[in-house]
Amino acid sequence: MIYDQAADLRKKLQSTPNKMERLTRVITITSGKGGVGKSNFTLNFALALLEKQHKTVILDADIGLANIDILMGIAPKYTLQDMLYQHLQIWDILEKGPNELEFIAGGSDLEGLFDMNKKYFPYLFEQFLLLNGYVDTLLIDTGAGVTPESLKFMFSSDEIFLVTSPEPTSITDAYAMIKMIFSKKKEIKISLVINRVTNEQEGHNTANRIKAVAKRFLNCDIGLLGFIYDDEIVPKAVKKQEPFYLSYPNSRASRSINNLVQNYLSNHEYVHSKGVRTFLERMTYWFHR
């Protein structure tokens, strides 16, 4: 019965006409452990993309610990759960933050929603399909570590950004995450973001250690998006509930974010983006396994 429903959903998605020529790139952002600055990176990276006229929306899918709204000091009016339970449209739940950044709050029980209410999937996918072409990039901020829900988001995306730091435990957990991902899906693209580096050499050393181990033991190639310098302004901005990219635009951390955005925009070919439609088709498969 479940597989019949999955087949029906995929058939419907494939037969729905796509009126938009531009395909939205879907990227899941994750980390091997908490406390490495994953959500802070997601928020400030999105704001820097917007500044480059690259329209970006964040889906906060950090189940139980969603904090994109907290980092901006915003209380969202609606969540993804509200859209499904109240039959709202996607446009109703797109919240606006600073500089017109749009984001979607997942809600406090997204795990239960996906686990118990597969009857909501057709409407969920119908609404999310409207984002295809509306935005250039959809950033999905998942929880730290491995959960069944976060893995399904990762497996469905065009690419994964794995945020880590030079700390030995962070490096170990990042490799464990890579190993888990490639044990299930070998062809997915992963790019590292090394946060809180003291200098460029430390960033390169950290990235090279992870890449070398992944190549040797998993025979997989890991990319590198770039580094973010350790900066005292970051905790200051968090306490003020303001994105550091806006509050301290000339800081080392903000300049690092700018470099990452330039790398992203120059090295990612959008002709290879599969779009929201393919993302949803993959979600149908993974959530009905």
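Overview of the structure. Because the structure is a prediction, the values reported are computed rather than measured.

Taken as a whole and judged by the stated rule, the model has 1 cavity of 30 Å³ or more. In this structure, the largest cavity occupies an estimated 60 Å³ of space. Contributing to the lining of the largest cavity are 10 residues, with L59, L124, F128, F153 and M283 lying nearest its centre. Sorting the residues of the lining of the largest cavity by element identifies α7 (121-128) and α14 (275-287) as the ones contributing at least two each. For the lining of the largest cavity, the residue count by class is 10 nonpolar, no polar and no charged.

Its identity is not glycine, yet H87 carries a phi of approximately 60°, on the positive side. Tracing the backbone through its elements, the reader meets H87 in the loop between α4 (80-85) and α5 (90-93). Within the chain, N99 stands out as a residue other than glycine whose phi angle is a positive 55°. Structurally, N99 is set in the loop between β3 (95-96) and β4 (102-105). The exposure class of N99 is exposed, given its relative accessible area of 52%.

With that out of the way, let us pick up the sheet that holds strand β2 (residues 56-61). Spatially, the 8 strands line up as an open sheet ordered β3-β4-β2-β5-β1-β6-β7-β8, and their pairing is mixed. For this open sheet the edge positions go to β3 and β8 (223-229), each flanked by a neighbour on one side alone. Across 5 bridges, strand β1 (residues 25-31) lies against strand β6 (residues 159-164) in parallel orientation. Along β6, the bridge assignment pairs S31 with V163. Strands in contact with helix α10 (residues 200-218) are β6, β7 (189-197) and β8; relative to β7, the strand with the most contacts, it is inclined by about 145°.

Before going further, it helps to spend a moment on the side chain of S254. Position of S254 relative to the elements: it lies in helix α13 (residues 252-267). Look at S254 and you get buried, because its relative accessible area is 0%. Within the structure, the side chain of S254 is placed 2.7 Å from the backbone oxygen of Y248, a separation counted as a polar contact. When residues no more than four places from it in sequence are discounted, the contact partners of S254 are F244, Y245, Y248 and P249.

Right, let's get into the packing of α7 against α14. A pair of packed helices can be characterised by two numbers: the angle between their axes and the separation between those axes. Running from amino to carboxyl end, α7 crosses α14 at an angle of 160°, the nearest separation of the two axes being 10 Å. Comparing the axis directions of α7 and α14 gives the class roughly antiparallel. As α7 runs across α14, the sense of the crossing is right-handed. For the pair α7 and α14, contact is made by F121, F125 and F128 and by V276, L280, M283, T284 and F287, respectively. Class assignment for the residues of the contact of α7 with α14 results in 7 nonpolar, 1 polar and no charged.

Moving on, we come to the pairing of β8. Here β7 pairs with β8 via 6 bridges, running parallel. Bridge assignment links V193 to a residue of β8, and that residue is G226. For the segment spanning β7, α10 and β8, crossover handedness is right-handed.

When the terminal C-alpha atoms of α13 are compared, their 22 Å separation across 16 residues agrees well with the 22 Å that a helix rising 1.5 Å per residue should span. For α13, the set of buried residues is A253, S254, S256, I257, N258, L260, V261 and Y264.

Quick notes on the rules
- Residues numbered from 1 in each chain as written.
- Predicted model: local features only at pLDDT ≥ 70, side-chain atom pairs only at ≥ 80, totals over all residues.
- Heavy atoms only, no water.
- 1 Å grid on protein atoms, 1.4 Å probe; cavity = no way out; pocket = protein on both sides within 12 Å on 5 of 7 lines; lining within 4 Å.
- Points joined across faces, edges and corners; volume = space filled by probe spheres on them.
- Helix = DSSP H or I, 4+ residues; strand = E, 2+ residues; numbered from the N terminus.
- Nonpolar A, V, L, I, M, F, W, Y, C, P; charged D, E, K, R; others polar.
- Buried < 20%, exposed > 50% of the residue type's maximum accessible area, 1.4 Å probe, protein only.
- Pairing = 2+ DSSP bridges.
- Contact = heavy atoms within 4.5 Å.
- Axes fitted to C-alpha atoms, helices over the stretch in contact; angles between N-to-C directions.
- Polar contact = N/O pair within 3.5 Å; in protein donor to acceptor, adjacent residues only side chain to side chain.
- Parallel < 35°, antiparallel > 145°, perpendicular 65-115°, else oblique.
- Left-handed = near helix turned anticlockwise from the far one by under 90°.
- Right-handed = clockwise from strand over helix to strand, strands pointing away.
- Expected span 1.5 Å × (residues − 1).

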